Amino acid sequence: MLRHVSRTSAIATAAAVALGLTLTATAVATPVTAASEASVQQQSGPSVRTDPNNRYTAEEIRRFLTSFYGKHGPNAWQREHQVSAELKKKAAETPDYDLLLCAQNTPRNISVGKVTTAQSARVGWATITTYWSGNRTEHFTAYVDLDATRPIELLDVACSA
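As a convention, each chain's residues are numbered from 1 in the sequence order in which they are written. Owing to the predicted nature of the model, reporting of local features is limited to residues with pLDDT of at least 70; listing and counting of side-chain atom pairs is limited to 80 or more, with chain, interface and lining totals taken over all residues. The basis for every side-chain value is the complete set of heavy atoms in the structure, and neither hydrogens nor water enter the calculation.

## Focus on helix α4 (residues 58–69)
Thinking step 1. For the purposes of this entry, the term helix denotes a DSSP run of H or I that reaches at least four residues, the term strand denotes a run of E that reaches at least two, and both are numbered from the N terminus. Between the first and last residue of a helix there are one fewer steps than residues, each counted as 1.5 Å, and that sum is the expected span. Along its twelve residues, α4 runs 16 Å from first to last C-alpha, staying within 8% of the 16 Å computed at 1.5 Å per residue.
Thinking step 2. Of the positions making up α4, those classed as buried are E60, I61, F64, L65, F68 and Y69. Projection of α4 onto a plane perpendicular to its axis shows the buried side chains occupying an angular sector of 145°, all on one side.
Thinking step 3. What makes two residues a contact is simply this: any of their non-hydrogen atoms within 4.5 Å. The inward-facing, buried residues of α4 abut α5 (76–81), β1 (109–118), β2 (123–132), β3 (136–145) and β4 (154–159).
Thinking step 4. One or two positions beyond α4, positive phi appears at G70, with a value near 55°. Relative accessible area decides the class of each residue, using a 1.4 Å probe on protein chains only: under 20% of the type maximum gives buried, over 50% gives exposed, and in between gives partly exposed. Of all possible arcs, the one meant is that of the directions from the helix axis to the C-beta atoms.

## A short note on the sheet that holds β3
Thinking step 1. At least two DSSP bridges between two strands are required for those strands to pair. The strand order across the open sheet formed by four strands is β1-β2-β3-β4, and the pairing between neighbours is antiparallel. The sheet is open, and its two borders are formed by β1 and β4, each paired with just one other strand. In this sheet, neighbouring strand axes are inclined to one another by 25° on average, regardless of whether the strands run parallel or antiparallel.
Thinking step 2. Of the strand pairs in this sheet, β1 and β2 are connected by eight bridges, and their pairing is antiparallel. Bridge assignment links V112 to a residue of β2, and that residue is I128. Here the axes come from fitting lines to C-alpha atoms, over the contacting stretch only for helices, and the angles between their N-to-C directions go from 0 to 180 degrees.

What follows is the structure, encoded as structure tokens:
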């Protein structure tokens, strides 16, 4: 039994060190608990919200925008389920123009730039670059609501002139 406890303590200590935690007397006294808590934290990995105020992080927004825009723009399901009601209404008012891509056609490729978050404004945004024939590029800004109590969605776009 003593041998098991010391091996478990070593695992708990290693897990705590890997996570940058400070072991307390309680953690050493109950190594199984500390080890299981550490493994839960490790398993949850990137899906854990790191913002203590329940807001999406820049990395989460970047993953969303990269997935949403893909190589050629959002598909029908994404347009229906990952776009705010206000933006859907705005896009419906421009039937000959794809407001979500700020274009009339489908681009050859799309890239997402650096994400910026403004906690006070409750939005995050990134410059989206679309690539077209003849080495032509266009840029627009995509905005995402930071409220992580709701599913992440495209809030608005600002097309460049």
